[in-house]
Amino acid sequence: MTLADQAPAAQQVTTHNPVDGEPVGHYPLAQGADVEDAVRRARAGATWWEDQGFAARRAHLLHWKSRIAAGAEELATLISAETGKPHGDALLEIMLTLGHLDWAAKNARRVLRRRKVSAGLINYNQHATVGYEPYGVVGVIGPWNYPLYTPMGSISYALAAGNAVVFKPSELTPGPAVWLAERWAEAVGHDVLVALTGDGATGAQLVRSVDKIAFTGSTATAKKVMSVAAEQLTPIVAECGGKDAMLVAADADLDSAADFVVFGAMGNAGQTCVGVERVYVVDTVRDDLVARVVERVERLRIDGPDPHYGPMTMPSQVDVVRDHVDDALRTGSAAFGGRDSVAGRVVGPVVVTDVAEDSAAVQHETFGPLVVINTVASLDEAVERANATVYGLGAAVFTKDKGAATRAADALRAGVVTINSVLGFAGVAALPFGGVKQSGFGRIHGADGLREFCAVKSVARQTRRAALNLLTMERTDKDMHTVARMIPMLHGRAKPPRN
Ligand code: NAD
């Protein structure tokens with residue numbers, strides 16, 4: 001029995017396996033003083049952690065990483081039990097996560113150490129440097145669909161930057177958070193990573209108590225989190241929903257594109273923020289692509305001992321998927337599956353073609369195994385339609401023409417674009433990740449992800465008295481005469497641009 005199992009029944013979160021409904025674990029429903037206590041412990045941990053410096057933090061993080069790796073099978077079993085996803089998918093999530101933790105630990109010093117910048121000719125007597133300081137305690141609020149990979153994209157980078165973290169996981173998947181904190185306690189032994197299990201109210205209280213928020217979840221919740229964060233001007237990075245499009249040009253490798261449509265749309269039962277929810281295919285290859293997608297979808301196993309994907313993790317999501325399927329079928333045609341595919345917690349794959357662009361199935365996040373394939377006349381039209389939602393998380397372009405791919409990538413309003421793959425960026429730790437528009441702002445992963453969890457501090461050290469000293473009440477008329485002559489010399493010489 002773990003500490004989590006001892007929580008009194010009235011104040012606990014109980015998780016259930018979406019496959020069979022069996023209880024998985026009981027965790028405390030933290031509220032009030034529990035939240036304050038978690039943040040207080042993390043504050044003490046933050047002081048110790050910051051004092052360690054880059055080299056010791058790197059060693060601790062890598063040691064923690066090896067403890068996580070040693071328990072990967074156990075962790076995968078836990079992730080699989082709470083989300084319902086296949087064990088193999090959970091293992092893949094762990095592998096991707098550890099790659100990011102490794103990168104953050106090994107690159108924090110290079111990215112964040114104090115560096116010199118040029119002070120410029122006029123300020124030759126200033127030695128100018130930029131440093132990156134941890135905020136203190138970062139509150140990480142996570143979703144349930146990738147309960148390890150997604151929050152660890154914030155946690156790894158926040159810790160490597162020298163912050164302590166209080167991690168509030170989704171109430172559907174608290175297990176990995178508690179497991180991670182236990183491995184931290186074994187490996188490092190200070191309250192630098194604190195798991196805080198609870199619900200939305202727990203999250204809201206956490207927002208009020210920390211120095212920075214890293215939120216991953218729906219756009220609707222992000223807006224609530226931002227309004228609470230605004231009370232104290234607490235900075236926030238928001239990783240929200242998406243409605244990602246895949247663009248398929250006439251010269252694309254259609255077998256590869258079809259593979260990726262099915263992987264991107266149906267993997268994890270479509271419960272992926274950067275999953276493929278829309279496909280825009282050029283008319284000349286439309287029938288070929290649809291046929292290839294349907295051929296692959298027909299081979300998907302959704303029940304039995306070794307399914308390609310599991311049930312919907314959140315029961316209420318089934319209703320959203322059903323509404324979107326109904327909505328898509330009002331104007332489009334079913335190429336595979338249909339309303340009957342949404343019968344229980346395991347939703348069968350649905351492919352609908354030529355759906356009205358203003359329908360909910362095209363405009364709003366479905367988060368289920370439904371993909372809409374619409375026909376366009378050109379890659380330019382595909383870009384235009386891809387951009388025509390409130391979201392801007394990811395997008396994919398399939399073409400053999402490098403120039404066309406680059407032009408499309410430039411024109412897509414998204415935080416990340418893949419060319420000839422989907423999700424190709426997920427394991428590339430050096431690539432920052434995040435959205436634009438209502439998919440969020442700020443970045444996790446990569447150097448930008450490390451800087452996201454730091455306050456920038458600039459230092460200008462005067463090394464000698466300036467010959468022309470203007471920062472004094474004692475400046476003379478002669479000094480100001482010199483300034484008057486310098487202004488046009490320094491800043492008044494640019495010619496108008498040639499048309
Ligand atoms: P959600 O918005 O319902 O919940 C996310 C987290 O916020 C949970 O931990 C929840 O307890 C907490 N929360 C709820 N109300 C809160 C409040 N008022 N204040 C503070 N915290 C509160 O999202 P979800 O259903 O868990 O996750 C699915 C969503 O997450 C989808 O929209 C998906 O696209 C998005 N997502 C985005 C990314 C990304 O990186 N952009 C990654 C994974 C998931």
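For every chain, the first residue of the written sequence is number 1, and numbering continues from 1 onward in sequence order. Given that the model is predicted, a residue must reach a pLDDT of at least 70 before its local features are reported, and side-chain atom pairs must reach 80 or more before they are shown or counted; all residues, however, enter totals for whole chains, interfaces and linings. To obtain the side-chain values, all non-hydrogen atoms of the structure were included, while hydrogens and water were left out.

1. Here's the deal with the side chain of Lys85
Applicable threshold: Secondary structure is summarised from DSSP: a helix means a run of H or I of at least four residues, a strand means a run of E of at least two, and numbering begins at the N terminus for each. Burial classes: relative accessible area under 20% of the type maximum marks a residue as buried, over 50% as exposed, and values in between as partly exposed (1.4 Å probe, protein chains only).
For Lys85, the location among the structural elements is in the loop between helix H2 (72-83) and helix H3 (87-112). Using a relative accessible area of 3% as the deciding quantity, one classes Lys85 as buried.

2. A short note on unusual backbone geometry
Positive phi outside glycine occurs at Asn268, with the angle close to 55 degrees. By the secondary structure assignment, Asn268 is in the loop between helix H8 (254-266) and strand S11 (278-282). If you check the backbone angles, Leu423 has positive phi at about 60 degrees while not being a glycine. Turning to its location among the elements, Leu423 is positioned in the loop between strand S16 (416-419) and strand S17 (440-441).

3. A short note on the UniProt feature "domain: Aldehyde dehydrogenase" (unreviewed entry) in the chain
What counts, and what does not: UniProt positions are given in the numbering used here, feature names are shortened, and annotations may be inferred rather than shown by experiment.
Per the UniProt annotation, the sites labelled "domain: Aldehyde dehydrogenase" (unreviewed entry) are residues 11-459. Overall, residues 11-459 shows 43% helix and 19% strand. The separation of its end C-alpha atoms is 49 Å.

4. Topic: the packing of helix H1 (residues 33-70) against H3
Let me state the cut-off plainly: A fitted line through C-alpha atoms represents every axis, and for helices the fit uses only the stretch in contact; the resulting angles, taken between N-to-C directions, go from 0 to 180 degrees. Roughly parallel means an angle under 35 degrees; roughly antiparallel, over 145; roughly perpendicular, 65 to 115; everything else is oblique. Whether two residues touch is decided by their heavy atoms; if any such pair falls within 4.5 Å, the residues are in contact. Ten residues, namely Ala, Val, Leu, Ile, Met, Phe, Trp, Tyr, Cys and Pro, are considered nonpolar, four, namely Asp, Glu, Lys and Arg, are considered charged, and the remaining ones, Gly among them, are considered polar.
Close contact between H1 and H3 brings their axes to 9 Å; oriented N to C, the two are set at 175 degrees. Regarding the angle of H1 to H3, the classification is roughly antiparallel. Here Phe54, Arg58, Leu61, Leu62, Trp64, Lys65, Ile68 and Ala69 of H1 come into contact with H3, specifically with Leu98, Leu101, Asp102, Ala105, Lys106, Ala108, Arg109 and Leu112. Classifying every residue of the contact of H1 with H3 gives eleven nonpolar, no polar and five charged.

5. A short note on the UniProt feature "active site" (unreviewed entry) in the chain
Listed under "active site" (unreviewed entry) in the UniProt record, and renumbered for this structure, are Glu239. By the secondary structure assignment, Glu239 is in strand S9 (residues 236-239). Since its relative accessible area comes to 4%, Glu239 is described here as buried. In this structure, Glu239 is in contact with Phe215, Thr216, Gly217, Phe433, Gly434, Gly435, Ser439, Gly442, Arg443 and Ile444, ignoring residues within four places of it in sequence.

6. Some details on the pairing of strand S8 (residues 212-216)
Which entries qualify depends on this criterion: We call two strands paired when DSSP finds no fewer than two bridges between them. The crossover handedness rule: strands pointing away from the viewer, path from first strand over the helix to second strand clockwise, crossover right-handed.
With five of five residues buried, S8 lies mostly within the body of the structure. Side chains Lys212, Ala214 and Thr216 of S8 all project onto a buried face; the interleaved residues Ile213 and Phe215 project onto the opposite face, where all are buried too. Relative to S8, strand S5 (residues 137-141) is paired through four bridges, and the arrangement is parallel. Looking at S8, one finds that Gly139 is bridged to Ile213. For S8 and S9, the ladder comprises four bridges, and the chain directions are parallel. Residue Thr216 lies in a different strand from S9, and its bridge partner there is Glu239. In this fold, the crossover linking S8 to S9 by way of helix H7 (residues 219-232) has right-handed handedness.

7. A few points about the sheet that holds strand S18 (residues 454-462)
Pairing is antiparallel across the open sheet formed by three strands, whose spatial order is S3-S4-S18. The open sheet has two edge strands, strand S3 (115-117) and S18, and neither has a second partner. Within the sheet, the average angular offset between the axes of one strand and its neighbour, ignoring direction, is 30 degrees. Of the strand pairs in this sheet, strand S4 (residues 126-134) and S18 are connected by nine bridges, and their pairing is antiparallel. Following the sheet pairing, His127 is matched in S18 by Arg461.

8. Considering the pairing of strand S6 (residues 164-168)
With five of its five residues buried, S6 lies for the most part within the structure. Here S5 runs beside S6; their pairing, made up of five bridges, is parallel. Paired with Val137 across the strands is Ala164, a residue of S6. A crossover connection joins S5 to the parallel S6 through helix H4 (residues 149-160); in handedness this β-α-β unit is right-handed.

9. Looking at the confidence of the model for the chain
Keep this limit in mind: Scored from 0 to 100, pLDDT records how confident the predictor is in each individual residue.
Per-residue confidence for the chain gives a mean pLDDT of 96, with 98% of residues at or over 70. Note that pLDDT drops below 50 for residues 1-6; the model gives that stretch six contacts with residues more than four away or on any other chain.

10. Observations concerning the sheet that holds strand S15 (residues 394-398)
An order of S12-S13-S14-S11-S10-S15-S16 is seen for the seven strands of this open sheet, with the pairing classed as mixed. The open sheet has two edge strands with one neighbour each: strand S12 (333-336) and S16. Averaged over all pairs of adjacent strands, the angle between strand axes in this sheet comes to 25 degrees, irrespective of strand direction. Contacting strand S10 (245-248), S11, strand S13 (350-353), strand S14 (370-376) and S15, H8 crosses the sheet at an angle of about 170 degrees to S10. Contacting S12, S13 and S14, helix H10 (residues 317-331) runs over the sheet at an angle of about 30 degrees to S13.

11. Description of the pattern of salt bridges
Formally: Criterion for a salt bridge: a side-chain nitrogen of Lys or Arg within 4 Å of a carboxyl oxygen of Asp or Glu.
Under the criterion given, the structure shown has 26 salt bridges. The partner of Glu171 in a salt bridge is Lys168, and the shortest N-O contact between them spans 3.6 Å. With relative accessibility at 32%, the residue Glu171 sits in the partly exposed group. A relative accessible area of 3% means that Lys168 is categorised as buried. A salt bridge links Glu295 to Arg299, with the nearest nitrogen and oxygen atoms 3.9 Å apart. Here the salt bridges share partners, and the residues they tie into one network are Arg67, Glu182, Arg183 and Glu186.

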